[in-house]
Amino acid sequence: MYLNCHTHFSLNYGTLSPDALVQAAKAKGVKALALTDINNVSGAFEFMEACKKQGIKPILGIEFRNEKHQLLYIGLAKNNKGWYELNYLLSQIDQKPLPPVPPKMEHVFILYPGLVKPLEHFRNYEFIGVRPEQVKSLFSSELKKHPTKLVALSPVTFAEAEEYELHKVLRAIGKNELISRLQKEDFAGPYERLFEIKRLLNAYELYPEIVQNTAQIVRDCQIEFKKDLGHNRRCFTGSVEEDQALLRKLAMEGFGRRYNKRNREAQNRVEKELKLIYQMGFTAYFLIVWDLIKYASYSNIFHVGRGSGANSIVAYCIGITDVDPIGLNLYFERFINEHRSSPPDFDVDFPSDQRPLILDYIFKRYGRHHTAFICTYDTFQFRSIVWELGKVFGLPKSEMEKIVANPQSPEEHHELARKIWEYGHRLENMPNELSVHPSGVIIAEQPLYHYSALRQMPFGFPIVHFDMYIAEDWGFNKFDILGQCGLSHIRDTVTYIRENQGKAVDVEDMEKIYADEKAKALLRTGDTVGIFYAESPNMRELLPKLQCDNYPDLVIASSIIRPGVASSGMMREYIQRHKHPYAFEYLHPCFKEHLAETHGVMVFQEDVMKICNAFAGLSLGESDVLRKIMSGKRRNSETFEQLKGKFFNNSKDRGHPEELAQEVWRQIESFAGYSFCKAHSAAFTVLSFRDLYLKAYYPLEFITAVINNFGGFYRTEIYLHEAKKLGATLHAPCVNHSEVLAKIEGKNLYLGLIFIQGLEKNLAEEIVYQRKYQGSYKSLEDFINRVPISALQLELLIKINAFRFTGLNKYQLMWEKNKVLNPKNSFVQAATFFESASEDFNLPELHEGAFDQAFDEIELLKFPLCSPFDLLDWDYLEGKKEQLSLANQLKTQVNTLISILGYFICRKTTTTKQGLPMGFDAWYDQQGEYFNTVVFPVEMKQFPLKGQGIYLLQGKVSEEFGVFSITLQYLERLPYRRDERFE
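Residues numbered from 1 in each chain as written. Predicted model: local features only at pLDDT ≥ 70, side-chain atom pairs only at ≥ 80, totals over all residues. Heavy atoms only, no water.

Asks: What is the right way to read the pattern of salt bridges from this model?
Replies: In a structure, side chains of opposite charge can pair up when their charged atoms sit close to one another. All chains considered together, the criterion is met by 49 salt bridges. Between lysine 294 and aspartate 291 there is a salt bridge; the shortest N-O distance is 4.0 Å. Residue lysine 294 and its partner aspartate 291 are located together in helix H9 (residues 283-298), separated by three residues, close to a single helical turn. With a closest N to O distance of 3.4 Å, lysine 817 and glutamate 795 form a salt bridge. Here glutamate 795 lies in helix H33 (residues 791-799) and lysine 817 lies in helix H34 (residues 810-820), a separation of 22 residues in the sequence. On the basis of relative accessible area, lysine 817 is assigned to the buried category, the value being 5%. (Salt bridge = Lys/Arg side-chain N within 4 Å of Asp/Glu carboxyl O. Helix = DSSP H or I, 4+ residues; strand = E, 2+ residues; numbered from the N terminus. Buried < 20%, exposed > 50% of the residue type's maximum accessible area, 1.4 Å probe, protein only.)

If you want it as structure tokens, here you go:
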């Protein structure tokens, strides 16, 4: 009887999840239920599964509304063909408005809210919905004469009356309006809720034909979703047999390139994997990814295959990955095993700026009706809840900021904050908008309208309405196509070396790179700023602790740094065991048997599977499911609880002491949710070693490439500091030397024009273009005559000293520009074709202060190119300078209370076991050397950071495994010298 139900996927409208809607319907005695979310089908799969579980007949449909949120009609799918028709219609909304009357659809029932056209024009599947409150008015209506065209329409937006106010709050959020200003037509009536079926039938007792028509529609709707891999693109060639033959040919040819042909272990592994790939139906999946790699190679686009797919020797042989699973003892079952219910996925990274080319290829290769990104649901979280509800209730911005800054201090909050908390916990995790998954693409055998509507996204590619978890449950293979700056800067470094030094560098010779002593020395000392995957302050501390200088150890290091291992205390334990491999006992013999490589510490996701299998007797399939649940959103699922119970029951049956079982579980639980699989770390470590090699031999080209890709761990300023340490001479942007991005000439690094805050990108490109094709600029006047520019944009260039080649200081240039450009005009002056003489003026004597350029750089670049310590007001430290330590002296000051100056780089915040915040800060001193501090909760609250700048720090020096840091006891931001530009 309920043909028009909404869930929270009727965004900013419905209040119930699909599962909650079905459970509420079950409690009311409902036998059949139609899901008709507003212009959305995200909840369809979950709704179907919930109905199946509760024994309710599911009906799927869509409520179509126009851009003004006015109800046009409701479509109900008679069958799967009808579901296709509805999804196809909704997908057109991005190209054109919905029609007031839908096109002909043979497999759909259409319900109108009123008489939208003459009844004689109604098709046999078109009806008018009559709401319970409208029944009385039928007595005097013309519709009474056409009972065969009337059906019961009792919308459901919330389950109980108390949810009505929450619905109104959602509508205010959706309209970005004060709740007090909502109009009656903006929200549902209080009667749009679930009633007992008997009460609903009583509303229509005078018109039994309406109930009969409604019942007939319910009987005529039959829809079913199948969960299997058959939804995916089935063949790459013309048939499954041809696919299998092609994959075998590629794998065996690749085996010959990657291995000695007499390597029986590798050959047997290839055969074993091919057999399982054929059996599980993943042949086309491998070939589609291989085809992408082939296209990338043809287009000279770097790639890296990573994730669990790198556990496959077939993937290694056909070029998807560069990780040798034999050499690293990776087992295929982590990627594909016969117990695995969910499809695997390949992660393939491409340079960020070339990723669109790859996406364009895959969408054109397999068709836009068959290819789409999966979506994600942007949900209400704490900050968004405060801001959205604050606007709804009219809370001033300053009061919202107080709540966000100090949520645990209700005494400081406005009285309306109570309403925010009242509704906030009910909004938490509710979807607010559909967004695009950062990388996940699916390719279907049939057009995707069989499963979902498609929504066109601003970046040019469509999304389906369901997320990665639904895609997995449905049986879709996901292709993770990612953009990565680490690949971009390797590519760009090779280019810059060729341009600056005339050398060709081979970054594919990994055997040579792994053995290079200079590269290993950088790794061993933690000199890894700019090195992909190894440059964070924590990694730069960990590497010298481990004395890490080889590929396998870096693979391990990149995983033990993850929060799970660190928080469980096992990172420190691993370092201790690594340094003293014979001074510890394994937790259990199975740890020695399976985890000897990592000294008995679970470091990788695969290790969780090994221990669950060996210690507690879970099958590899169950172990993989448990590992997967722990790393996803379904940690509280029924399956998780069953596997957890089986772990402890089996442990008990095997005679393991309860205390031992609890400790093993603790390590598994604290680690599994944060770790990488070993193949993932191994794939990324390949890039790390390429970076190390390039930085060791071509440091300036390397760091310039890192700067230009804007994607490292640190802000641009820190990479420029690293460039100075590596021997570069930094130059502010210059119209005669700078490109749009940074450029290295010999040892001179010219910052790009794009780094000037407020300078338009198209202007930067025009400046470079004119110089390239017409030669260097001769004067300010010559520049003005060739480049169309506004007064404001010209002033930015003068202030950054981009015309220093003229020999005039910036004050003289500001005067000079008045001859060639009227400063009162903010419009763009067009470039001229012929030079014209300008009038000469006698300039007054204009002087530039010694630090004016540095302060202009702070204003326009957000940092100075000189050392920030040159700007420090050293008089403020009178009497303290002699007491200051330097970073290179810490090793002689262990357990000593010291004072040191530090320029702030970054802070990583974490929490103690008591839930209190603490920080790990990175700095560099006046000699440019890096050091780290630890800030415990008391000091963190007492001495808060006050933005970028130089600080006086006091604390005790500590040492751990040969690495030194400072435990902070005092922090004070120091003043810069006086800015004389405006005096």
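Now, onward.
Asks: Would you mind showing me how to read the sheet that holds strand S17 (residues 748-750) here?
Replies: Here we have three strands laid out as an open sheet, ordered S15-S17-S16, and mixed in their pairing. Taken across any chain shown, the strands that pair with only one partner, and hence form the sheet edges, are strand S15 (729-731) and strand S16 (743-745). The sheet shows a mean angle of 25 degrees between the axes of neighbouring strands, direction not considered. Here S15 runs beside S17; their pairing, made up of three bridges, is parallel. (Pairing = 2+ DSSP bridges. Axes fitted to C-alpha atoms, helices over the stretch in contact; angles between N-to-C directions.)

Asks: Sorry if this is basic, but what is going on with the sheet that holds strand S7 (residues 150-152) here?
Replies: As summarised here, the arrangement of the seven strands in space is S1-S2-S3-S4-S5-S6-S7, forming an open sheet in which the pairing is mixed. Among the strands making up the open sheet, the edge pair consists of strand S1 (2-5) and S7. Each neighbouring strand pair of the sheet contributes to a mean axis angle of 35 degrees, computed without reference to strand direction. Relative to strand S3 (residues 57-65), strand S2 (residues 32-38) runs parallel, the two being bridged by seven bridges. Note that in S3 the partner of alanine 34 across the bridge is isoleucine 59. Docked against the sheet, helix H3 (residues 80-91) engages S3, strand S4 (71-77) and strand S5 (108-112), running at close to 20 degrees with respect to S3. (Contact = heavy atoms within 4.5 Å.)

Asks: Help me understand helix H13 (residues 397-405) in this model?
Replies: Along an α-helix, residues three or four positions apart point the same way, because every turn accommodates 3.6 residues. Listed in full, the buried residues belonging to H13 are Glu399, Met400, Ile403 and Val404. For H13, the buried positions fall inside an angular range of 140 degrees around the axis, keeping them on one side. Residues of H13 that are buried make contact with helix H12 (382-392) and helix H14 (417-427). (Arc of directions from axis to C-beta.)

Asks: Is there a simple way to explain the environment of valine 963 in this structure?
Replies: Relative to the helices and strands, valine 963 is located in strand S23 (residues 963-973). Separated by 895 residues in the primary sequence, valine 963 and lysine 68 have C-alpha atoms spaced 63 Å apart. With residues near it in sequence (within four places) discarded, valine 963 still touches Glu541, Pro544, Lys545 and Ser958.

Asks: Please explain the packing of aromatic side chains as it appears in this structure.
Replies: Aromatic ring pairs are defined here through the distance separating the ring centres and the angle between the ring planes. Within this structure, the stated rule accounts for 61 aromatic pairs. Taken together, a centroid distance of 5.2 Å and an interplanar angle of 50 degrees make the contact between phenylalanine 466 and tryptophan 474 tilted. Both residues of the pair, phenylalanine 466 and tryptophan 474, belong to the buried class. Among the aromatic residues, those joined into a ring-pair cluster are Phe45, Trp83, Phe225, Tyr451, Phe466, Trp474 and Phe476. One cation-aromatic arrangement involves arginine 258 over tyrosine 316; the distance from NZ or CZ to the ring centre is 4.1 Å. Taking the ring centre of tyrosine 697 as reference, the NZ or CZ of lysine 518 above it sits at 4.4 Å. (Phe/Tyr/Trp six-rings, centres within 6.5 Å; stacked < 30°, edge-to-face > 60°. Lys NZ or Arg CZ within 6 Å of the ring centre and 35° of its normal.)

Asks: How should the packing of helix H18 (residues 517-525) against helix H28 (residues 678-697) be read in this particular structure?
Replies: How two helices pack is summed up by the angle between their axes together with the distance between the axes. At a minimum axis separation of 8 Å, H18 and H28 run at an interaxial angle of 105 degrees. By the angle between their axes, H18 is roughly perpendicular relative to H28. Judged by residue contacts, Lys518, Ala519, Lys520, Leu522 and Leu523 of H18 engage Phe689, Leu692, Tyr693, Lys695, Ala696 and Tyr697 from H28. When grouped by side-chain class, the residues that make up the contact of H18 with H28 number eight nonpolar, no polar and three charged. (Parallel < 35°, antiparallel > 145°, perpendicular 65-115°, else oblique. Nonpolar A, V, L, I, M, F, W, Y, C, P; charged D, E, K, R; others polar.)

Asks: Would you mind going over the packing of helix H19 (residues 537-546) against helix H22 (residues 570-579) with me for this structure?
Replies: Taken N-terminus to C-terminus, the directions of H19 and H22 make an angle of 25 degrees; their axes are 10 Å apart at the nearest point. Classified by the angle between their axes, H19 and H22 sit roughly parallel to one another. Of the residues in H22, those touching H19 at Leu542, Lys545 and Leu546 are Tyr574, Ile575, His578 and Lys579. Tallied by class, residues from the contact of H19 with H22 come to four nonpolar, one polar and two charged.

Asks: I keep staring at the side chain of glutamine 853 and nothing clicks. Help me out?
Replies: With respect to the element layout, glutamine 853 can be found in helix H35 (residues 852-861). Overall, glutamine 853 belongs to the buried group, its relative accessible area being 16%.

Asks: What's the story with the pairing of strand S20 (residues 917-924) in this structure? I'm lost.
Replies: For a regular strand, the rule is simple: side chains alternate between the two faces of the sheet. Counting buried positions along S20 gives six out of eight residues, so the element sits mostly inside the fold. In this sheet, strand S21 (residues 930-935) lies alongside S20 in antiparallel orientation, the contact comprising six bridges. When the sheet's bridge partners are listed, glycine 919 is paired in S21 with valine 935. Here S20 folds back onto S21 in antiparallel fashion, the turn holding five residues, of which glycine 928 has a positive phi close to 85 degrees.

Asks: Just to check I follow, could you spell out helix H26 (residues 638-653) for this structure?
Replies: Over its 16 residues, H26 extends 22 Å from the first C-alpha to the last, a length consistent with the 22 Å expected when each residue adds 1.5 Å. All buried positions along H26 are accounted for by Phe640, Leu643, Phe647, Phe648, Asn650 and Ser651. Taken down its axis, H26 places every buried residue within 165 degrees of arc, on the same side. Structural note: H26 exposes Glu638, Lys652 and Asp653 on the side pointing more than 90 degrees away from its buried face. One or two positions beyond H26, positive phi appears at glycine 655, with a value near 85 degrees. (Expected span 1.5 Å × (residues − 1).)

Asks: I keep staring at the side chain of lysine 78 and nothing clicks. Help me out?
Replies: Secondary-structure assignment places lysine 78 in the loop between S4 and H3. Here lysine 78 occupies a buried position and makes no salt bridge, while the nearest side chain of opposite charge, glutamate 106, is found at 5.9 Å. Excluding anything up to four places from it in sequence, lysine 78 contacts Glu106, His107, Val108, Phe109, Tyr125, Asp220, Cys221 and Gln222. (Lys, Arg positive; Asp, Glu negative; His and termini not counted.)

Asks: In this structure, what is going on with the state of the cysteines? I would like to understand it.
Replies: What makes a disulfide is a covalent bond joining the sulfur atoms belonging to two cysteines. All told, the structure shown has zero disulfides when counted by the stated rule. Note on cysteine 5: no disulfide assigned, nearest cysteine sulfur contributed by cysteine 51 at a separation of 9.3 Å. We classify cysteine 5 as buried; its relative accessible area is 0%. (Disulfide = S-S within 2.5 Å.)

Asks: Would you mind showing me how to read the nonpolar core here?
Replies: The nonpolar side chains of soluble globular proteins are, as a tendency, buried together. If you look at the biggest cluster of nonpolar residues, it comprises 140 residues, and the most contacted ones within it are Tyr2, Leu33, Trp83, Phe286 and Phe466. In terms of residues, this core owes the most to one element, H9, which gives nine residues. Counting 119 residues, the second-largest nonpolar core is a separate cluster that includes Ala732, Phe755, Ala764 and Leu780. (Core = buried A, V, L, I, M, F, W, Y, C linked by side-chain atoms within 4.5 Å.)

Asks: What's the story with the pairing of strand S19 (residues 897-911) in this structure? I'm lost.
Replies: Here strand S18 (residues 884-885) runs beside S19; their pairing, made up of two bridges, is parallel. Opposite serine 885, over in S19, you have isoleucine 900 as the bridge partner. The pairing of S19 with strand S22 (residues 950-960) spans seven bridges and is antiparallel. Looking at the pairing, leucine 901 lines up with leucine 952 of S22. Relative to S20, S19 runs antiparallel, the two sharing eight bridges.

Asks: I would appreciate a short explanation of unusual backbone geometry in the present structure.
Replies: Both trends apply: most residues other than glycine have a negative phi, and most peptide bonds are in trans. In the Ramachandran plot, asparagine 12 falls in the positive-phi region, its phi being about 60 degrees despite a non-glycine side chain. When you line up the elements, asparagine 12 lands in the loop between S1 and helix H1 (18-27). The exposure class of asparagine 12 is buried, given its relative accessible area of 12%.

Asks: Looking at this structure, I do not really get the environment of asparagine 649. What am I missing?
Replies: If you trace the backbone, asparagine 649 turns up in helix H26. The spacing of asparagine 649 and alanine 616 is 33 residues in sequence and 8.3 Å in space, taken between C-alpha atoms.

By themselves, these figures tell us nothing about what the structure is for.
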